[in-house]
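Residue-level structure breakdown
Spelled out, the chains give:
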Amino acid sequence: MKALLVCEQREGKLLDTSYELVAFAERLGAEVSLVLVGTPAQAPQVAAKLYLADVNKYGEYSPELHKHIVLAAALKENPDYIIFPHSSYGWDLAPRVAATLRVGQVSEVVNIVDGKLEVSLCNGKLRRTVSPKAARAVLTVQAGAFNYAGQKSGAPQVEAIEISQGSSALQFVGYEPAEKKDVDLGRAEIIVSAGRGVGKKENVGVIADLAKAFGGELGASRPVVDAGWVGHSHQVGTTGQTVSPKLYVACGISGAIQHLAGMKKSDFIVAINKDKDAPISEAADVMVVADVLALAPVLAEKLRAA
Amino acid sequence: MNILVCIKQVPDMESRFKVNGTGDWYDEADLAYRMNEYDEYAVEQAVQLKEQLGNQPEITVLSIGADRVGEALKKALAMGCDKAVQVQDNDSARKDPWQIANIIAAFAGDKNFDVIFTGMQSQDRGSAQVGVTVAEILGHNCASTLVGFEYADGVVTAKRELEGGVKSVVKVPVPALVTCQLGLNVPRYPTLPNIMKAKKKELQLVPVASLLKEEAATGTEKLYPPVKSGGGIVLEGDLGDIADRLLGILKEKTTVMK
Amino acid sequence: MQSHPYFMPLLFVAVLTFCYSCYQRLQLVTVGAAENRFDRPGERLAGVLSYAFGQKRVLSRPFGVNHFVLFWAFLLLLVANADFLWQGLFPGGGLSALPEGIRHPLEFAFDLVSLLALVSVTVALARRLFFAPSYLGNEYTKPRSGEALLILGMIATLMAAYFLMNAARLAPGEGSWQPVSRAVSLVMQGLPAATLEAVALTSWWVHAIVLLLFLNLLPRSKHMHILTAIPNCYFRSLDHPAVPPREEFQMGNRFGVSGVEQFSWKDLLDSFSCTECGRCQDLCPAHNTGKSLNPRRVVHDLKVNLLEKGGKPLIGPKEEGTSCEEALWDCTTCGACLSVCPVLIEHLPKIVKMRRHLVQEKARFPEELLNLFENMEQRSNPWGIAPSERGKWISVLEERDFKPGETEYLFFVGCAGSFDSRAKQTTLALATTLDRAGISWGILGKDEICCGDSVRRLGNEFVFDKMARGNVELFRERGVKKIVTACPHCFSTLKNDYKQYGIELEVVHHSELIAQLVRDGKLKAPKKASQGKVLFHDSCYLGRHNDTYTAPRAVIEAATGGTPGDFERNRENGFCCGAGGGRMWMEEQTGARINHERVKEALKQEPDTICVSCPYCMTMLEDGLKDQGAEKVRVKDIAEVMAEALNDR
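Residues numbered from 1 in each chain as written. Chains lettered and ligands numbered in written order. Predicted model: local features only at pLDDT ≥ 70, side-chain atom pairs only at ≥ 80, totals over all residues.

Counted only if it meets this: UniProt positions are given in the numbering used here, feature names are shortened, and annotations may be inferred rather than shown by experiment.
By the naming in an unreviewed UniProt entry, chain B is Electron transfer flavoprotein subunit beta, taken from Geomonas propionica. The heading Sequence similarities (unreviewed entry) in the UniProt record of chain B holds the text "Belongs to the ETF beta-subunit/FixA family."

In the annotation of an unreviewed UniProt entry, the entry for chain A reads Electron transfer flavoprotein subunit alpha/FixB family protein, and the organism field reads Geomonas propionica.

See the structure below:
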């Protein structure tokens, strides 16, 4: 079985998802080749064939041209699977390749179960195995689902790739850096929220620090906002923001229904509370019975050490 | 100007889903349906574009499915679309994204739509394929995952959302297809007079067989509930020990710990 | 004595301009939409007797008696003044032509009543000048407003002129039937006859001119109420005044109210009946906590807008004649304004009608409500929890589906009772209490949908209509006749609002049912469960909206063996928790928190337990107590208190 992995770079940096594709291909047991629109300096450190197209020539975002580059590489490799990361780059490009080749695409593979591709359905409430009808298929792989454990020290065999199509109707103007907004809970992947249980304003810093250690945003329940300990933009709940991060850590939040309604869509919920039977326990995937003010610094330290 | 918005009706994600008898899809009984959230942003953006152009463009809203999709179409009409098309298909759940895209493309083929709006993905399947594939089949320019949309003189200036809050700005000449991300705008709450008016707007019925000529490219093998993630794990005891166990669980069960 | 030649034309002009002013205003009232307020005349007359002639609500406040005296003095002096004008035209006619046996008692009465009127006017003046309560004033009027002082001054002048005129005409030794006038005449004794004649004539003219001026000032001032208050009482809402009318959802209809002409004629009449007494303002929880809303102002702005013939927007920037949106959203629909207004003005339905316009025609509402509306439409509960979870609480008991023809009571659990973990404890407490009494009850489980209270009060009538029709249909299908609910909002909505859908249900609030079971001896709590010092907080939708004050108190008494204490503001004067009218789902951005106010009021009495009978009150008071650092004070539903007492057995 052969897999062509479509790596991605942004602003001169190879993205880590490229390595996750390698891990995924290993799980598939496929023979790997890679394609990248970038520069030699960004080449993934993997001992495999790498088709490299010059980003300066074909552009950071020019899906029409990138599609032809992938197709050119595919023509040479004749892979069974053409695999993209399920990212803003991958889900934009993959369907173009699949449609041109008239092959099926399986999006956001999260696992391989008995050799079948597993994807999630209905916000993860269901899972399903999907199989392409033809021998060749395009796949996109969920970010973070497959960890690359190998060394990033292999030497790729680079082969430059050129295409004849020279221009694209789309014109890439440039990047806009992430807004330095106070906080954007709606888009956060990790939210660590402080509740009344933190006791006083001075203690919110402990939770904020934990949020930072997680690489997430600081949220808060309504009483904490009402008391003026943090700004309203941090409020999670019916009168604040409804959030759905991948990880929600509720610190000292008892779980009034107004709060639960605002965060119950989170993929994974950890509650840290002294009261084992606090209503939040109904929603939590993991209930940690502890004094959050004592646990948070320990947890933050371990996160930083990891 | 001609505008097309493609919307999907999806089950309420709050529902308790059950696997159906044949084990290849969810049981549709007892489910409440609503417009796919991403598509609400698509409808809103289409209506805003129409308003920007002095209400001159005509917006067609299309949905594929059983008669219940009429409800979603009515909402889109109430939000400001002009006419609705229901591609009648009682088995739309079994159509894969490739087929859905081909149905839409077959409908749109000869109608000269200048701008086509779709949601970035559906809440149930989440494949994020259909919009881009439609553009590819029609040969339209396409930008996906929009969190910003401006239109002037035949060019859409799109702001795409990338990971980590970074945005990429792209100019897309029409005919163009854009897929809309949550947060692109604030979908309006339809006013009651507009809900009333929507009842009188045209609803065109098109049998799916007249548009679909493609076989499915992928198929569902089996559907099942996920292995329960954490589910009632309670951690108690020594703080250092709790922290280690918690981090272990997070590494195993979530995708955010690296 | 002859009629003065100038008097007749003067009177003619004065009466004509008075009639024209009245016509102008009544014409404005007819701008309003049709509404049937002519049914059940007997009931209406009875209301007029008690509210207008009996001054029932006026008397509920100190100084109300002052108005009572003035009101009755006015009625009697109406006869005297009609006679005065008649005799101005035809001297020697009118009452003076009556035989002494009738004339003397009348003169006696007029004399005495005029004195009473003078005294009460003086008291009223003194009150406005020296010890005015704060609620008399607000941002657009002050207790010492020129208009108020002018009117009071005019009345005083009329009385003074009356006495002087009579006194000057009394011959020495005359006037035993007019003791006050006679006392004045004693002061004037010894004045030359010509002087006396001059005094009499001057007083007569002063009285005549002030009277005619007064007549013309009436329709052009807040004293229009003298003319409209009695009809306003007659045309009052005989049904539940807080239940707004249904709307017809048809193409081309307008929804809600954005201009005076969309109000009903009675709404417009209300605006002319307001005397600016300020009692509504005094009780309003929003006004009391520094928010934009002042119910008195809503009515005042309506009048100003009407007088300017809609030249201003009815809803818009905050200025006289226009209600601002923020004020309309501030209302908790607690009904304090409705229950206190002496002339039965219906403030609350006007606010709901204007909200309807904002929500349904403009889709303009505080952003938090978008989520609420969508959750209600899609999942029939305010939090957007899956409907399938609704019956989950019952899993700790055995299944209890309502069975048509078998089950007696439908337990309409409501959204809070089904989903909110705190309110679920009340639900369980009630369930076990009903079981203990051997009551046959059942639930609808996942088929139950929200009663629609919040969306209706918020003006989203279209969504309410769908929900109400859904529930009514379900009740009919299942043959539901009797309903018990632990939420006053469900209770009032099912009981009062659903009547508009042609279904007659026997709806009881759990406080009533439990109290009844206690009375019937079906529930006995032999070992009383002490809750320490208990205060009972009246829920607006149980108390004011449904006049149920004693049942919850009786339940507490039966369970604890002691009479619960009252808040300073209780029963009809109770103070809202802040959650009604959809406020539960909105941010409280301006002013003090209503729940904090209420909690502070409780803490003054240092209670151990605050008893409630509503899940919203439960949330608001618990939150308020936590915010005030008084978590040690428990908040309990009356059902919980009863269940505890029963378990002590």
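1. Quick word on the overall build of chain A
Selection rule: What counts as a helix is a DSSP run of H or I of at least four residues, what counts as a strand is a run of E of at least two, and both are numbered from the N terminus. Counting other C-beta atoms within 10 Å of a residue's own tells you its class, since 20 or more makes it buried, 12 or fewer makes it exposed, and anything in between is partly exposed; those C-beta atoms are placed from the backbone. For the purpose of contact definition, each residue receives a C-beta atom placed from its backbone, and two residues are in contact when these atoms lie within 7 Å.
Along the backbone of chain A there are nine helices and 17 strands. Over its C-alpha atoms, taken along the principal directions, chain A stretches across nearly 65 × 45 × 35 Å. Within chain A, the proportion of its 306 residues that are buried is 55%. Taking the contacts inside chain A whose residues are at least 6 apart along the sequence as the reference set, 63% of them involve residues at least 24 apart.

2. Topic: helix H6 (residues 179-187) of chain C
Residues and elements named next belong to chain C. The test is simple: Throughout, the arc means the angular range of directions from the helix axis out to the C-beta atoms.
Every buried residue of H6 is accounted for by Val180, Ser181 and Ser185. In an axial view of H6, the angular spread of the buried residues amounts to 140°, which keeps them on one side of the axis. Counted as exposed and oriented over 90 degrees from the buried face of H6: Pro179 and Val187. Buried residues belonging to H6 abut helix H4 (100-130) and helix H5 (146-169).

3. Details of the packing of helix H3 (residues 64-89) of chain C against H4(C)
Residue and element names in this part refer to chain C. The line we're drawing: Where helices are involved, their axes are fitted lines through C-alpha atoms of the stretch in contact, as for all axes, and angles between N-to-C directions lie from 0 to 180°. Roughly parallel means an angle under 35 degrees; roughly antiparallel, over 145; roughly perpendicular, 65 to 115; everything else is oblique. Take the far helix as the reference: if the near one is turned anticlockwise from it by less than a right angle, the crossing is left-handed, and if turned clockwise, right-handed. Residues are grouped as follows: Ala, Val, Leu, Ile, Met, Phe, Trp, Tyr, Cys and Pro are nonpolar; Asp, Glu, Lys and Arg are charged; all remaining types, including Gly, are polar.
The N-to-C vectors of H3 and H4 enclose an angle of 140°; their axes lie 9 Å apart at closest approach. One way to sum up the angle between H3 and H4 is to call them oblique. Taken as a pair, H3 and H4 cross one another with a handedness that is left-handed. For the pair H3 and H4, contact is made by Asn66, Val69, Leu70, Ala73, Leu76, Leu77 and Ala80 and by Ala109, Phe110, Val113, Ser114, Leu116, Ala117, Ser120, Val121, Val123 and Ala124, respectively. A class-by-class count of the residues in the contact of H3 with H4 yields 14 nonpolar, three polar and no charged.

4. Some thoughts on the domain arrangement of chain B
In plain terms, the rule: Domain ranges listed in this record stem from an automatic or a database domain assignment.
Domain annotation for chain B reports domain 1 (2-210) and domain 2 (226-258). Computed from C-alpha coordinates alone, the two centres of domain 1 of chain B and domain 2 of chain B are separated by 39 Å.

5. A short note on the packing of helix H18 (residues 421-436) of chain C against helix H25 (residues 615-627) of chain C
Helix packing for two helices is described by the angle between their axes and how far apart those axes are. All names here are of chain C. Viewed as axis vectors pointing N to C, H18 and H25 meet at an angle of 135°, and their least axial separation amounts to 10 Å. Put simply, H18 runs oblique to H25. As H18 runs across H25, the sense of the crossing is right-handed. Residues Arg422, Ala423 and Thr426 of H18 form the contact with H25, whose participating residues are Pro615, Met618 and Thr619. Tallied by class, the residues present in the contact of H18 with H25 amount to three nonpolar, two polar and one charged.

6. Concerning the UniProt feature "domain: Electron transfer flavoprotein alpha/beta-subunit N-terminal" (unreviewed entry) in chain A
According to UniProt, the feature "domain: Electron transfer flavoprotein alpha/beta-subunit N-terminal" (unreviewed entry) maps to residues 3-176 of chain A in the numbering used here. Helix and strand shares over residues 3-176 of chain A are 25% and 37% respectively, and the end C-alpha atoms of the span are 33 Å apart.

7. Observations concerning the pairing of strand S4 (residues 506-509) of chain C
Strand residues, when the strand is regular, have side chains that alternate between the two faces of the sheet. All names here are of chain C. Our working rule: Here, any two strands with at least 2 DSSP bridges between them count as paired. Crossovers are described as right-handed under a simple rule: with the strands pointing away from the observer, the path leading from the first strand over the helix to the second runs clockwise.
Examined bridge by bridge, strand S3 (residues 482-485) and S4 share four bridges and lie parallel to one another. Residue pairing across strands places Lys482 opposite Glu506, the latter belonging to S4. Crossover connection from S3 via helix H21 (residues 488-495) to parallel S4: handedness right-handed.

8. Some thoughts on the interface of chain B and chain A
With 69 residues of chain B at the interface, the matching set in chain A holds 68 residues. Elements with a contribution of two residues or more to the side of chain B that touches chain A: helix H3 (97-108), helix H4 (130-138), strand S7 (141-152), strand S8 (155-161), strand S9 (167-173), strand S12 (218-224), strand S13 (233-235) and helix H6 (239-253) of chain B. Top element by residues in the side of chain B that touches chain A is H6(B). It accounts for ten residues. Direction of pairing for strand S17 (residues 286-289) of chain A relative to S13(B): parallel, over a ladder of three bridges. When the bridges of S13(B) are listed, Val288(A) appears paired with Leu235(B).

9. Overview of the environment of Met1(A)
Residue and element names in this part refer to chain A. Mapped onto the secondary structure, Met1 falls in the segment before strand S1 (2-6). We classify Met1 as exposed; it has 11 C-beta atoms within 10 Å. Along the chain, Met1 and Val32 lie 31 residues apart, while their C-alpha atoms are 8.9 Å from each other. Those residues in contact with Met1 that sit more than four places away from it in its chain are Leu28, Gly29, Ala30, Glu31 and Asp80.

10. With respect to the UniProt feature "domain: Electron transfer flavoprotein alpha/beta-subunit N-terminal" (unreviewed entry) in chain B
Under the UniProt annotation, "domain: Electron transfer flavoprotein alpha/beta-subunit N-terminal" (unreviewed entry) lies at residues 23-215 of chain B. The annotated region residues 23-215 of chain B carries 30% helix and 30% strand content, and the separation between its end C-alpha atoms amounts to 21 Å.

11. Examining the sheet that holds S8(B)
Spatial strand order, S12(A)-S9(B)-S8(B)-S7(B)-S10(B)-S6(B)-S1(B)-S4(B)-S5(B)-S11(B): ten strands in an open sheet with mixed pairing. At either end of the open sheet lies a strand with only one pairing partner, and these are strand S12 (171-176) of chain A together with strand S11 (203-207) of chain B. Pairwise comparison of adjacent strand axes, ignoring direction, gives a mean angle of 30° for this sheet. Pairing of strand S1 (residues 2-7) of chain B with strand S6 (residues 115-119) of chain B involves four bridges; the strand directions are parallel. Across the sheet, residue Cys6(B) finds its bridge partner in S6(B), namely Thr118(B). Contacts between H4(B) and the sheet are confined to S6, S7 and strand S10 (176-180) of chain B, with S10(B) contributing the most and set at about 175° to the helix.

12. Topic: the nonpolar core
Operational definition: In these notes, a nonpolar core means any group of buried Ala, Val, Leu, Ile, Met, Phe, Trp, Tyr and Cys residues linked to one another through C-beta atoms within 7 Å.
If you look at the biggest cluster of nonpolar residues, it comprises 201 residues, and the most contacted ones within it are Ile207(A), Cys251(A), Val555(C) and Met642(C). If near-sequence neighbours (up to four positions away) are discounted, Met642(C) is found in contact with Thr433(C), Ile514(C), Ala525(C), Val555(C) and Ala559(C). Core analysis: the second largest hydrophobic core is formed by 124 residues, Phe84(A), Ile161(A), Val130(B) and Cys180(B) among them.

13. With respect to the pairing of S1(A)
Residue and element names in this part refer to chain A. With four of five residues buried, S1 is to be regarded as a mostly interior element. Strand direction decides the pairing type here: S1 and strand S4 (residues 31-38), joined by five bridges, are parallel. When the bridges of S4 are listed, Leu5 appears paired with Leu34. Relative to strand S6 (residues 81-85), S1 runs parallel, the two being bridged by three bridges. Bridging from a neighbouring strand, Ala3 pairs with Tyr81 of S6.

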